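# Descriptive analysis of the structure
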2 protein chains.
Amino acid sequence: MFHHSVDNVIFGCRDGKLEVCLIQHADGPAKGQWGLPGDFIQDNESLEDAAVRTLRTRTGIDDIFLQQFKTFGALDRYPNERVITTAYFALIRPQDYEAVAGAHELDAAWFPTTSLPELMYDHGDILNEGLECLKRKVRYEPVGFRLLSKKFTLLELQRLYEAILNKALNKPNFRRKMLHMKLLIDCNEKQTGGAHRAAKLYRFDADVYQQLKQQGFVFEL
Amino acid sequence: MFHHSVDNVIFGCRDGKLEVCLIQHADGPAKGQWGLPGDFIQDNESLEDAAVRTLRTRTGIDDIFLQQFKTFGALDRYPNERVITTAYFALIRPQDYEAVAGAHELDAAWFPTTSLPELMYDHGDILNEGLECLKRKVRYEPVGFRLLSKKFTLLELQRLYEAILNKALNKPNFRRKMLHMKLLIDCNEKQTGGAHRAAKLYRFDADVYQQLKQQGFVFEL
């Protein structure tokens with residue numbers, strides 16, 4: 001018999017940077033260390049329930065769509081005993097979900113994926129698998145729209161895709177392809193308050209996406 | 001602490017029908033029942049090692065690519081105690097892998113997914129999730145080519161996609177789209193021995209697939 005835990009990889013996007021929500025443990029074997037918000041599964045809860053409870057109690061983040069992506073069971077992934085962990089993942093807007101440390105955390109905070117603290121155990125591997133999963137998803141689902149504000153500029157969308165794919169995209173190509181898919185609705189508004197020339201705002205067309213999804217589609221990036 | 005098991009959903013295709021490999025237990029709480037080839041994880045093996053070992057000892061099927069797809073942990077999924085199971089999935093040619101019952105099985109056999117015996121525990125749900133996973137995959141990866149012979153006719157390919165997607169596809173459309181993708185190489189041979197007019201044989205172009213994969217692509221079915 002084994003211990004079984006859940007770990008959550010919660011991605012967000014802010015100022016064109018991909019971020020992930022981490023906690024710093026206040027007690028236990030990982031005291032003082034940073035890691036993904038996770039915990040052992042209790043007898044009376046399903047994997048999903050455990051993931052939801054863990055995220056809520058450790059970070060204050062609640063009421064979001066968590067998706068299971070992989071279970072990690074290497075023999076040496078945890079010190080001194082065998083713990084198998086099932087990882088969940090979510091895409092949210094950090095602006096909407098402040099990370100608040102729970103009773104067993106020194107801290108809970110968002111970090112850019114490009115400047116992370118050292119992570120405990122195999123949490124770096126779990127995070128990387130979550131990133132790979134996000135990279136695959138971004139080609140076939142409009143995941144970006146869960147990370148941006150309701151209204152966004154094409155440049156914001158491009159910066160997000162660049163942050164996820166970790167590569168620069170050609171601006172005219174990106175715009176042409178995105179607009180060609182008809183997934184974006186022109187809000188007939190312009191962004192205000194920016195330092196640059198005001199850019200057009202768009203929103204996401206969920207109906208068109210549902211249609212495209214039926215026939216199978218891909219973001220050609 | 002919980003028991004943890006692995007279960008394998010092994011898909012094949014024969015005569016245009018999608019098949020799955022099942023075992024009938026000879027002992028234990030599921031004696032006489034049919035289920036997915038699975039077993040408890042041992043202390044000294046990783047999840048992947050357990051999946052490989054289980055499949056080999058229960059069905060004789062070895063040396064195939066197993067991919068983890070989901071972990072099932074509902075409270076009541078197993079009788080009398082809590083067992084969490086991680087499911088793996090593979091696509092092979094049943095012709096190449098005869099199912100041979102191990103020491104703890106009454107039988108091991110391939111079944112068409114359309115005419116299955118009653119399955120133990122939640123194995124029906126696990127199989128259905130495996131099927132959904134296969135349906136999603138088939139749009140973005142040339143998974144079909146792992147299930148067919150090296151050389152195949154367009155009709156065989158179409159029948160396979162129809163079996164996976166569980167719907168009829170328009171023949172001229174299917175042919176046009178498949179050939180348009182340039183993923184198929186004309187073998188300049190015709191199928192022999194069939195009852196019908198000899199059809200052209202094709203094989204799969206792995207190089208073109210690798211190129212398409214880089215830019216993201218979809219089988220428009």
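Preceding block: the structure.
Every value quoted in this text rests on a predicted model; they were computed, and no experiment measured them. (Residues numbered from 1 in each chain as written. Chains lettered and ligands numbered in written order. Predicted model: local features only at pLDDT ≥ 70, side-chain atom pairs only at ≥ 80, totals over all residues. Heavy atoms only, no water.)

### Description of the overall build of chain A
On a plain count of helices and strands, chain A comes out with six helices and nine strands. The C-alpha radius of gyration computed for chain A amounts to 19 Å, which stays within 12% of the reference 17 Å derived for 221 residues, consistent with globular compactness. Each of the three principal axes of chain A carries a C-alpha extent, and together these read 55 × 40 × 30 Å. Burial analysis of chain A (221 residues in total) assigns 51% to the buried set. Long-range contacts, defined as pairs at least 24 residues apart, comprise 66% of the intrachain contacts of chain A with a sequence gap of at least 6. The averaged location of the 30 negative side-chain charges in chain A is 11 Å from the averaged location of its 29 positive side-chain charges. (Helix = DSSP H or I, 4+ residues; strand = E, 2+ residues; numbered from the N terminus. Rg over C-alpha atoms; globule rule 2.2 N^0.38 Å. Buried < 20%, exposed > 50% of the residue type's maximum accessible area, 1.4 Å probe, protein only. Contact = heavy atoms within 4.5 Å. Lys, Arg positive; Asp, Glu negative; His and termini not counted. Charge placed at Lys NZ, Arg CZ, Asp CG, Glu CD.)

### Notes on the pattern of salt bridges
Under the definition given, this model contains 27 salt bridges over all chains. Salt-bridge contacts for arginine 53 of chain B lead to aspartate 39 of chain B; the nearest nitrogen and oxygen are separated by 2.8 Å. One end of the pair, arginine 53 of chain B, is in helix α1 (residues 47-59); the other, aspartate 39 of chain B, is in strand β4 (residues 38-40), and 14 residues separate them in sequence. Each of the salt bridges in this network shares a partner with another, and the network as a whole consists of Asp39, Glu45, Arg53, Arg58 and Glu105 of chain A. (Salt bridge = Lys/Arg side-chain N within 4 Å of Asp/Glu carboxyl O.)

### A few points about the packing of helix α4 (residues 154-165) of chain B against helix α5 (residues 171-180) of chain B
All names here are of chain B. Contact pair α4 / α5: the axes reach a minimum separation of 11 Å and the direction vectors enclose 105°. Between α4 and α5, the crossing angle belongs to the class labelled roughly perpendicular. Of the residues in α5, those touching α4 at Leu154, Leu155, Leu157, Gln158 and Tyr161 are Lys171, Phe174, Arg175, Met178 and Leu179. Along the lines of polarity and charge, the residues of the contact of α4 with α5 split into seven nonpolar, one polar and two charged. (Axes fitted to C-alpha atoms, helices over the stretch in contact; angles between N-to-C directions. Parallel < 35°, antiparallel > 145°, perpendicular 65-115°, else oblique. Nonpolar A, V, L, I, M, F, W, Y, C, P; charged D, E, K, R; others polar.)

### Examining the pairing of strand β2 (residues 17-25) of chain A
Residues and elements named next belong to chain A. Across the nine residues of β2, eight count as buried, placing the element largely inside the fold. Bridge count between strand β1 (residues 3-14) and β2: four bridges; the pairing is antiparallel. Along β2, the bridge assignment pairs cysteine 13 with leucine 18. Adjacent in sequence and paired antiparallel, β1 and β2 are bridged by two residues, among which aspartate 15 carries a positive phi angle near 50°. Pairing of β2 with strand β7 (residues 105-112), which is carried by seven bridges, proceeds in the antiparallel orientation. Along β7, the bridge assignment pairs histidine 25 with glutamate 105. The pairing of β2 with strand β3 (residues 34-35) spans two bridges and is classified as antiparallel. Paired with isoleucine 23 across the bridge in β3 is glycine 35. (Pairing = 2+ DSSP bridges.)

What is shown is where atoms sit, not what they do.
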